[in-house]
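# Structural characterization, general
Each chain, written out:
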2 protein chains.
Amino acid sequence: MEKTREYNMRPNRAYVRLSSLAALTLLCILLLAVVMAYAQNDPLPSWNDGPAKHSIITFVEKVTKPGSPDFVPVPERIATFDNDGTLWCEKPLPVQLFFVLDRVKALAPQHPEWKEKEPFASILKGDLKTAAAGGERGLMEMIMATHTGNTTGEFEQIVKDWIATAKHPKTGRLYTEMVYQPMLEVLAYLRANGFKTFIVSGGGIEFMRPWTEKVYGIPPEQVVGSSVKTKFELRDGKPVLVRLPELNFLDDKGGKPVGINQHIGRRPIASFGNSDGDLQMLQWTAAGSGTRFCLYVHHDDDAREYAYDRKDHLAKLDQGLDEANAKGWTVVSMKDEWNTVFPAKRSETPLK
Amino acid sequence: MEKTREYNMRPNRAYVRLSSLAALTLLCILLLAVVMAYAQNDPLPSWNDGPAKHSIITFVEKVTKPGSPDFVPVPERIATFDNDGTLWCEKPLPVQLFFVLDRVKALAPQHPEWKEKEPFASILKGDLKTAAAGGERGLMEMIMATHTGNTTGEFEQIVKDWIATAKHPKTGRLYTEMVYQPMLEVLAYLRANGFKTFIVSGGGIEFMRPWTEKVYGIPPEQVVGSSVKTKFELRDGKPVLVRLPELNFLDDKGGKPVGINQHIGRRPIASFGNSDGDLQMLQWTAAGSGTRFCLYVHHDDDAREYAYDRKDHLAKLDQGLDEANAKGWTVVSMKDEWNTVFPAKRSETPLK
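Please read all numbers here as calculations on a predicted model, not as lab measurements.

## Concerning the overall build of chain A
For chain A, the helix and strand inventory stands at 13 helices and 7 strands. Scaling as 2.2 N^0.38, a compact globule of 352 residues should have a C-alpha radius of gyration of about 20 Å, whereas chain A reaches 26 Å, well beyond that. Summarising its shape, the C-alpha atoms of chain A cover approximately 110 × 50 × 50 Å along the three principal directions. A total of 352 residues make up chain A; the buried ones form 51% of that total. Carbon together with sulfur atoms contributes 57% to the accessible area of chain A, which is approximately 17000 Å² in total.

Structure (C-alpha cells):
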C-alpha cells in the first residue's frame, strides 16, 4: 500500500511540478503575448519613448477622436513632407545632384563643347569643388542641360533606370534604401489614420514621381516639387510632352506654401521638414485654425548618419530651429529619438 | 347538410380566392423587387439604353475585371473631366464670366476710373456686346482686376458667398444645380469602381475648388485649372498667399495635358470633354497603352438645354467631333441618350 501510495504520490508530485511548469509557461506566453501585442500596437517602433514620439501620437489621437473639439474630418487630414533630409538622406549631396553629375557624364559625348565650358568641364574632370563655384546659376544650367529636351516619358525612364542602380557613395546602399525608417513609420501611421500624405520638395517633381509610390507609398498625384515647363506636341500624330529648358516652378521656401496651394488647395494640418527651406511650409501649416502639428528632423547623429544644422551650406537649419523652439514645434534629435535610422540592410556594404 | 356543405364550401372558395389574390400579390411584389433590384443595380439610371451608356459600362467592366488583359490596377484608374459644358451648363455664358461681371459691379465704387475704361465701362452700362469686343485680352484684364490683389483665403470666401446665391439667368436655379445628372452618375460609378476622378478645366482653379467637393464629390486636390501667380508673405507675422495680377497657367487645349502631367503625374485612362478645348486631353488619354476611354458630350438638346457645336464662339466642338468619329470615341447625344439633364429641382423657376 505504501508503495502504491508512494507510487500514487509520484505522479501527483510530478503532476504538481508539471502544472507549476505549465502555469509558468502559460504566464510566460501571456507576458510575451502582451509584449508582442504592445509591440504590434506601437505604430512607431523605430522611435524611442521620448517627447517627439509622444507629440506625434498625441496629435494623431486628438484629431481622429470623434466628438473631440480637435477632431478633423478625414478629407482635411492633409500632411506634407519635405523629401531631402526629411524622408531620405541628403548627404554628402542631395541625391538629385548625383543624378545631375551622372547625366553630365552620360551626355558628354554628345556635347564636345562641355570640355571647355564651366561648370561641365570641372564635372567631367571630377573636380566638384570648382564646378560648385558656379553656384546656383551653374547648377541651374546643369539641370536644364541634363533634365530637358526630352519627352516626359523619356525622362521618366532615365530616372527609373538610374534610381534602380545608383548607390550612396559612403554606404554603397541604393539611394532608395537611404530613407529614414522612423519616417516611413510616420507616413504609414498617418495614412492608417485617414491622412493623405504629400511630398512637398524643392527637388524635381519628375525626378521623384517615378519611385515615390514604391518607396514611400506616395502616389505621383501627391508629389509636389520643382518643375520645368513642358509643351504639348503631336509627333507623327502621337502626342508628347516635351520638357523645355525653362524653370516652371521652384518649390522651396516661400514657394512651398505656393506649391501646396496650387496642388492641394487645402492647408495641411501637419508638416514635416528639416531645414530653413521648409520654414514657410511649417508656418503656413501652423497658421491654420484648430490643432496643428509641425516637426523638424534635426540631424545631430554623426555616428549613424550626418550632423549638420545652423552652418550647413545646402540645408541650413537655423531660423527654423529658433522658430521651432519658440513656438513649441517638435524637434527630433535623430541621435536620441530614433533607435533605427535606415531600414534593414539589403545591400552588402555596411553603413559607416 | 347541403347548407352545411355550402356553408363549408364558402370559406373554401373564399380561401381559394384569397390565396389567388395572395399569389398574385406575391408575384407583383416579386416582379417589383426584380425591377427595383435592376434599377438599383443600374449605375447610370439617367442614361437611356444606348451606345454611350453601353460604352461606359463596357469600359469599366473591362478595366476592373481581375485577370482580364484589360485590367488596370486601382492606383492607375485616373479619370479626368472638363467642367464647363461637360459637368455643368456653360450657356448662355460660362458661369465664371457671370462671376466676373458681378465682381466688376461690386468693385466699381472702388474704381471710379472704370466708368471711362473699356471693357469695364460697357459692363457697368449692361452692354455686354461692346464689352465682348475687347476679346480675350479684355477678358483677361477683367479677370485680373476682379480675381487678384486679395489673399487666397479672401478670394475663397468671395467665391463661396457668390456661388451660394448666384442663379442661372434663364432657369433661375443655382448654378450648382445646373450640373448634369447623368455625369454625376458617371462620376459616382467610376469612383465606386476604384477610380480617382479629377476636374481638368480651363476655368480658374480657385474659382472651382470652394464648391467641387460638395457638388461633384471631387476634393480640391483633384481639381486642375487655370491660375494666377501667388506670393507668400508674412503680414503682421501671419502667413498669407497673395493673388498677383499675373497669369500662372492656362489650362486649355495643349495646356490640359500639361496640367494633367503637372498635377497628376499619371496619364488618365478615361477622359470626358465637350469642346475642341478638350481635344488634346482626349488625345493624350487615348495615346496611352491598354484600354482607354474618351467621351464627348454633344450639346444637341435645344429643348432641355442648349444646342451648339461646330460654330460656337466660346465652346466650339468641330475638330474634336471629327476626331471622335474617326477614332470611335463615344459621342453623347444629350437629346437621345440622357433621359434627365439636371438633378431634381429644388428651386422655383421651371427650366425653359
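Here the narrative resumes.
## Considering the side chain of Arg 209 of chain A
Topologically, Arg 209 of chain A is positioned in helix α9 (residues 205-216). An unpaired buried charge is present at Arg 209 of chain A: no salt bridge exists, and Glu 206 of chain A, the closest side chain of opposite charge, is 5.6 Å distant. In terms of polar contacts, Arg 209 of chain A uses its side chain to reach the backbone carbonyl oxygen of Pro 220 of chain A, at 2.8 Å. Look past the residues within four positions of Arg 209 of chain A in its chain and what remains in contact with it is Pro 220, Val 223 and His 263 of chain A together with Asn 261, Gln 262, His 263, Ile 264 and Gly 265 of chain B.

## Focus on the interface of chain B and chain A
Counting residues at the interface gives 35 residues for chain B and 35 residues for chain A. Summed over both sides, the interface between chain B and chain A buries roughly 2900 Å², with carbon and sulfur atoms accounting for 50% of that surface. On the chain B side of the interface with chain A, the three residues burying the most area are Glu 221, Phe 232 and Gln 262 of chain B, jointly 22% of the side's total. Taken together, the links from chain B to chain A amount to 6 salt bridges. In this structure, Glu 221 of chain B and Arg 266 of chain A form a salt bridge, with 3.2 Å as the shortest nitrogen-oxygen distance. Summed over the shared surface of chain B and chain A, the number is 20 residue pairs in polar contact (both at pLDDT 80 or more). For the side of chain B that touches chain A, the elements supplying multiple residues, two or more each, are β2 (196-204), α9 (205-216), β3 (223-235), β4 (238-249), α10 (255-263) and α11 (279-286) of chain B. Looking at the side of chain B that touches chain A, its residues break down into 16 nonpolar, 12 polar and 7 charged.

## Description of the pattern of salt bridges
Applying the stated rule across the entire model yields 34 salt bridges over all chains. Close ionic contact of Arg 173 of chain A with Glu 177 of chain A constitutes a salt bridge, the shortest N to O distance being 3.5 Å. Since its relative accessible area comes to 1%, Arg 173 of chain A is described here as buried. On the basis of relative accessible area, Glu 177 of chain A is assigned to the buried category, the value being 5%. Put simply, Lys 196 and Arg 266 of chain A together with Glu 213 and Glu 221 of chain B are held in one network by salt bridges that share partners.

## Brief notes about the packing of aromatic side chains
All names here are of chain A. Summed over the entire model, instances satisfying the criterion amount to 32 aromatic pairs over all chains. Taking 5.4 Å as the distance between ring centres and 50 degrees as the angle between the ring planes, the aromatic pair formed by Tyr 180 and Trp 338 counts as tilted. One end of the pair, Tyr 180, is in the loop between α7 (152-165) and α8 (181-192); the other, Trp 338, is in the segment after α13 (334-337), and 158 residues separate them in sequence. Every member of this aromatic cluster is reached through a ring pair, and the members are Phe 98, Phe 99, Phe 155, Trp 162, Tyr 175 and Phe 207.

## Brief notes about the packing of helix α2 (residues 51-64) of chain B against helix α8 (residues 181-192) of chain B
Residue and element names in this part refer to chain B. The N-to-C vectors of α2 and α8 enclose an angle of 15 degrees; their axes lie 11 Å apart at closest approach. Between α2 and α8, the crossing angle belongs to the class labelled roughly parallel. The way α2 lies across α8 gives a crossing that is right-handed. On α8, the residues that touch Ile 56, Ile 57, Val 60 and Glu 61 of α2 are Val 186, Tyr 189 and Leu 190. Tallied by class, the residues present in the contact of α2 with α8 amount to 6 nonpolar, no polar and 1 charged.

## Focus: unusual backbone geometry
With glycine set apart, most residues show a phi of negative sign, and most peptide bonds adopt trans. Cis geometry marks the peptide bond from Glu 118 of chain A to Pro 119 of chain A, where omega comes out at 0 degrees. Take Pro 119 of chain A: it is sitting in the loop between α3 (95-107) and α4 (120-125). Residues Lys 91 of chain B and Pro 92 of chain B are joined by a peptide bond in cis, for which omega reads 5 degrees. Phi at Asp 236 of chain A takes a positive value of approximately 50 degrees, unusual for a residue other than glycine. Relative to the helices and strands, Asp 236 of chain A resides in the loop between β3 (223-235) and β4 (238-249).

## Quick notes on helix α6 (residues 135-147) of chain A
Residue and element names in this part refer to chain A. For α6, with 13 residues, the first-to-last C-alpha span of 18 Å sits near the 18 Å given by 1.5 Å per residue. Three or more residues of α6 are buried, namely Gly 138, Met 142, Met 144, Thr 146 and His 147. On its buried face, α6 is in contact with α3, α4, α7, β3 and β4. Taken from the residues just after α6, Gly 149 is the one with a positive phi, measuring 90 degrees.

## Re the relation of the copies chain B and chain A
Mapping chain B onto chain A calls for a rotation angle of 180 degrees and an axial translation of 0.0 Å; the resulting RMSD is 0.2 Å. In the structure described here, the two chain copies are related by an operation that fits a two-fold rotation axis. It is His 263 of chain B whose C-alpha, among those of chain B, lies nearest the rotation axis, at 3.1 Å. Most of the interface of chain B is mirrored in chain A: 100% of its interface residues are interface residues there too.

## A word on the sheet that holds β3 of chain B
Across a sheet, paired strands are connected by hydrogen bonds in the backbone, their directions being either parallel or antiparallel. All names here are of chain B. The mixed open sheet is built from 7 strands, whose spatial order is β4-β3-β2-β1-β5-β6-β7. The open sheet has two edge strands, β4 and β7 (330-333), and neither has a second partner. Neighbour-to-neighbour, the strand axes of this sheet turn through a mean angle of 30 degrees, independent of strand direction. Pairing of β2 with β3, which is carried by 3 bridges, proceeds in the parallel orientation. Looking across to β3, one finds that Val 200 is bridged to Val 224. On the sheet, α2 packs against β5 (270-273), β6 (293-298) and β7 and is oriented at approximately 155 degrees with respect to β6.

Cut-offs and rules
- Residues numbered from 1 in each chain as written.
- Chains lettered and ligands numbered in written order.
- Predicted model: local features only at pLDDT ≥ 70, side-chain atom pairs only at ≥ 80, totals over all residues.
- Heavy atoms only, no water.
- Helix = DSSP H or I, 4+ residues; strand = E, 2+ residues; numbered from the N terminus.
- Rg over C-alpha atoms; globule rule 2.2 N^0.38 Å.
- Buried < 20%, exposed > 50% of the residue type's maximum accessible area, 1.4 Å probe, protein only.
- Areas by Shrake-Rupley, 256 points an atom, 1.4 Å probe, with all protein chains shown as cover.
- Lys, Arg positive; Asp, Glu negative; His and termini not counted.
- Salt bridge = Lys/Arg side-chain N within 4 Å of Asp/Glu carboxyl O.
- Polar contact = N/O pair within 3.5 Å; in protein donor to acceptor, adjacent residues only side chain to side chain.
- Contact = heavy atoms within 4.5 Å.
- Buried area = accessible area lost by both parts, 1.4 Å probe.
- Nonpolar A, V, L, I, M, F, W, Y, C, P; charged D, E, K, R; others polar.
- Phe/Tyr/Trp six-rings, centres within 6.5 Å; stacked < 30°, edge-to-face > 60°.
- Axes fitted to C-alpha atoms, helices over the stretch in contact; angles between N-to-C directions.
- Parallel < 35°, antiparallel > 145°, perpendicular 65-115°, else oblique.
- Left-handed = near helix turned anticlockwise from the far one by under 90°.
- Expected span 1.5 Å × (residues − 1).
- Least-squares fit on C-alpha atoms with pLDDT ≥ 70 in both.
- Pairing = 2+ DSSP bridges.

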